[in-house]
Amino acid sequence: MNPYILAILLFGLGLGTTITFASSHWLLAWMGLEMNTLAIIPLMAQHHHPRAVEATTKYFLTQATAAAMLLFASVTNAWLSGQWDIQQMTHPLPTTIITLALALKIGLAPVHAWLPEVLQGLDLTVGLILSTWQKLAPFALILQINPTNSTILIILGLTSTLIGGWGGLNQTQLRKILAYSSIAHLGWMILVLQFSPSLTLLTLLTYFVMTFSTFLVFKLNKATTINTLATSWTKAPILTSLTPLILLSLGGLPPLTGFMPKWLILQELAKQDLALTATVAALSALLSLYFYLRLSYAMTLTMSPNNLSGTTPWRLSSSQSTLPLAISTAMAICLLPLAPAATALLTP
């Protein structure tokens with residue numbers, strides 16, 4: 001892709017998200033989301049591969065549906081209450097429709113079906129943008145409307161953690177596994193949203209760090225299936241020994257970074273007398289943990305079958321810059337000791 005066009009598209013991505021962040025009016029927020037969608041579409045379809053084009057089409061249709069729902073709900077809200085302000089959502093009907101529209105935008109269960117399919121058709125770099133940056137603007141809106149209907153949030157959160165765990169169990173494609181991991185993490189964020197928005201933000205940031213690290217590892221190894229991971233020990237032995245730690249951090253095991261948000265969320269849910277919800281969420285985390293362990297096992301404890309597809313990637317050194325990978329890996333593994341500082345910042 002022409003570097004000038006790439007720069008314009010990335011600028012459009014940044015601008016769309018910034019407009020949504022800065023807006024207090026629904027039309028402006030909707031415009032930011034639309035800019036975001038339109039800027040990432042050429043990036044998704046840049047390889048002209050049938051799968052990429054199919055993924056782009058699916059993504060465009062779901063995002064357009066969500067944007068239409070959002071516009072419809074904000075117009076309904078203006079009609080019912082005379083308010084276009086994002087923080088003045090008083091009527092339950094538009095609030096619920098907007099919550100569902102934003103859930104469709106970020107891929108929460110039960111409106112998640114597009115996410116694994118779309119992610120599977122993209123290359124790892126655009127997949128990384130889709131899994132991290134594209135979640136920011138809708139999340140900013142969800143945090144601002146502060147949905148009053150607690151039941152719908154808990155249902156969305158629990159179904160997402162369960163489907164995110166279950167869906168990933170039978171997968172062999174890494175991008176689909178990462179998509180289901182994304183759904184599960186988003187479920188955790190939505191569960192605690194109404195009780196502690198700042199904790200949701202903390203979870204989102206730790207999820208970004210861990211996902212960034214995981215995508216970069218897969219990109220360095222040029223791996224898209226579990227079997228290709230088995231050849232990584234010849235190319236990057238030290239990274240191969242660190243990757244299980246990143247994956248287990250995504251799974252939420254102590255003493256790694258990923259344990260911090262899960263621990264704080266379970267604590268918050270228990271404080272709010274939602275012991276059953278906390279138990280179901282914790283058990284669903286075990287489902288996710290299983291497929292992270294499966295990836296770790298494939299990567300570090302199995303030898304690759306020596307066929308042609310297994311031997312070719314060994315001789316090609318990667319041209320990828322390793323500094324972002326080193327920083328994000330260190331953060332994905334070592335940030336748990338900062339938990340007391342995080343809790344001190346979270347408590348108002």
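A quick note: this is a predicted structure, and the numbers were derived from the prediction, not measured. (Residues numbered from 1 in each chain as written. Predicted model: local features only at pLDDT ≥ 70, side-chain atom pairs only at ≥ 80, totals over all residues. Heavy atoms only, no water.)

### So, the overall build of the protein
Scanning the protein for helices and strands turns up 18 helices and zero strands. A compact globule built from 348 residues would reach a C-alpha radius of gyration of about 20 Å, and the protein, at 20 Å, matches this within 12%. Looking at the 348 residues of the protein, the share that counts as buried comes to 54%. Considering only intrachain contacts with a sequence separation of at least 6, the fraction spanning at least 24 residues in the protein is 79%. The average position of the 13 basic charges and that of the 7 acidic charges among the side chains of the protein differ by 17 Å. (Helix = DSSP H or I, 4+ residues; strand = E, 2+ residues; numbered from the N terminus. Rg over C-alpha atoms; globule rule 2.2 N^0.38 Å. Buried < 20%, exposed > 50% of the residue type's maximum accessible area, 1.4 Å probe, protein only. Contact = heavy atoms within 4.5 Å. Lys, Arg positive; Asp, Glu negative; His and termini not counted. Charge placed at Lys NZ, Arg CZ, Asp CG, Glu CD.)

### Some words on the domain arrangement of the protein
As assigned here, the protein comprises domain 1 (1-123) and domain 2 (149-305 + 321-347). Of note, the centres of domain 1 and domain 2, computed from C-alpha atoms alone, are 24 Å apart. On the domain 2 side, the residues contacting the 17 residues of domain 1 number 19 residues. Taken together, both faces of the contact between domain 1 and domain 2 bury some 1,500 Å²; the carbon and sulfur share is 74%. Here domain 1 and domain 2 share one salt bridge between them. Among the salt bridges present, the one from Lys176 reaches Glu117, with a minimum N-O distance of 3.5 Å. Inspection of the domain 1/domain 2 interface yields five residue pairs in polar contact (both at pLDDT 80 or more). At the level of elements, α4 (92-106) and α5 (114-120) are the ones that each hand at least two residues to the side of domain 1 that touches domain 2. (Domains from an automatic or database assignment. Buried area = accessible area lost by both parts, 1.4 Å probe. Salt bridge = Lys/Arg side-chain N within 4 Å of Asp/Glu carboxyl O. Polar contact = N/O pair within 3.5 Å; in protein donor to acceptor, adjacent residues only side chain to side chain.)

### Focus: the side chain of Lys135
Mapped onto the elements, Lys135 comes out in helix α7 (residues 133-145). For the buried Lys135, no salt bridge is present, and the opposite-charge side chain at shortest range is Glu117, 15 Å distant. Apart from the residues within four sequence positions on either side, Lys135 is in contact with Ile106, Leu115, Leu130, Ser182, Leu186 and Phe208.

### Here's the deal with the packing of aromatic side chains
Enumeration according to the criterion identifies four aromatic pairs in this entry. The residue whose ring lies beneath Lys262 is Trp188, and the NZ or CZ to ring-centre distance is 5.3 Å. (Phe/Tyr/Trp six-rings, centres within 6.5 Å; stacked < 30°, edge-to-face > 60°. Lys NZ or Arg CZ within 6 Å of the ring centre and 35° of its normal.)

### Description of the UniProt feature "transmembrane region" (unreviewed entry) in the protein
When the UniProt feature table is mapped to this numbering, "transmembrane region" (unreviewed entry) covers residues 60-80, 92-115, 151-170, 177-195, 201-221, 233-254, 274-293 and 323-346. Structurally, residues 233-254 is divided into 82% helix and 0% strand, and its ends, taken at the C-alpha atoms, are 25 Å apart. Taken as a whole, residues 274-293 contains 95% helix and 0% strand, while its terminal C-alpha atoms sit 29 Å from one another. (UniProt positions renumbered as here; feature names shortened; annotations may be inferred.)

### A few points about the pattern of salt bridges
Under the defined criterion, the tally for this structure stands at three salt bridges. Between Lys58 and Glu54 there is a salt bridge, and its shortest N-O distance comes to 2.8 Å. Of this pair, Lys58 and Glu54 both sit in helix α3 (residues 50-81), four residues apart, which is roughly one turn of that helix. A single salt-bridge network, built from bridges that share partners, covers Glu54, Lys58, Glu117 and Lys176.

### A closer look at the nonpolar core
Grouped burial of nonpolar side chains is what soluble globular proteins tend to show. One finds Ile40 and Leu130 to be the most contacted residues of the largest nonpolar core, which totals 54 residues. No other element matches the seven residues that helix α10 (residues 197-220) contributes to this core. Core analysis: the second largest hydrophobic core is formed by 30 residues, Trp26, Ile86, Phe139 and Ile145 among them. (Core = buried A, V, L, I, M, F, W, Y, C linked by side-chain atoms within 4.5 Å.)

### Re the UniProt feature "domain: NADH:quinone oxidoreductase/Mrp antiporter transmembrane" (unreviewed entry) in the protein
Here the UniProt-annotated "domain: NADH:quinone oxidoreductase/Mrp antiporter transmembrane" (unreviewed entry) positions come out as residues 23-287. Strand forms 0% of residues 23-287 and helix 78%; the C-alpha atoms that close the span are 38 Å apart.

### Quick notes on the packing of α10 against helix α17 (residues 323-334)
As a packed pair, α10 and α17 sit with axes 8 Å apart at the nearest point and diverge in direction by 135°. Looking at the two axes, α10 sits oblique to α17. In this structure, the crossing between α10 and α17 has a hand that is left-handed. Between α10, through Val209, Met210, Phe212, Ser213, Leu216, Val217 and Leu220, and α17, the contact on the second element is made entirely by Pro324, Leu325, Ser328, Thr329, Met331 and Ala332. Its residues assigned to classes, the contact of α10 with α17 shows 10 nonpolar, three polar and no charged. (Axes fitted to C-alpha atoms, helices over the stretch in contact; angles between N-to-C directions. Parallel < 35°, antiparallel > 145°, perpendicular 65-115°, else oblique. Left-handed = near helix turned anticlockwise from the far one by under 90°. Nonpolar A, V, L, I, M, F, W, Y, C, P; charged D, E, K, R; others polar.)

### Some points on unusual backbone geometry
For residues other than glycine, phi is negative in most cases, and the peptide bonds are mostly trans. In this structure, Pro110 follows Ala109 across a cis peptide bond, with omega equal to 5°. Here Pro110 shows up in the loop between α4 and α5. Pro255 follows Pro254 through a cis peptide bond whose omega is 0°. Even without being a glycine, Lys222 presents a positive backbone phi close to 50°. Of note, Lys222 is situated in the loop between α10 and α11 (226-229). By relative accessible area, Lys222 is classed as partly exposed at 48%. Of note, Asp273 is a non-glycine position whose phi angle comes to about 60°, a positive value.

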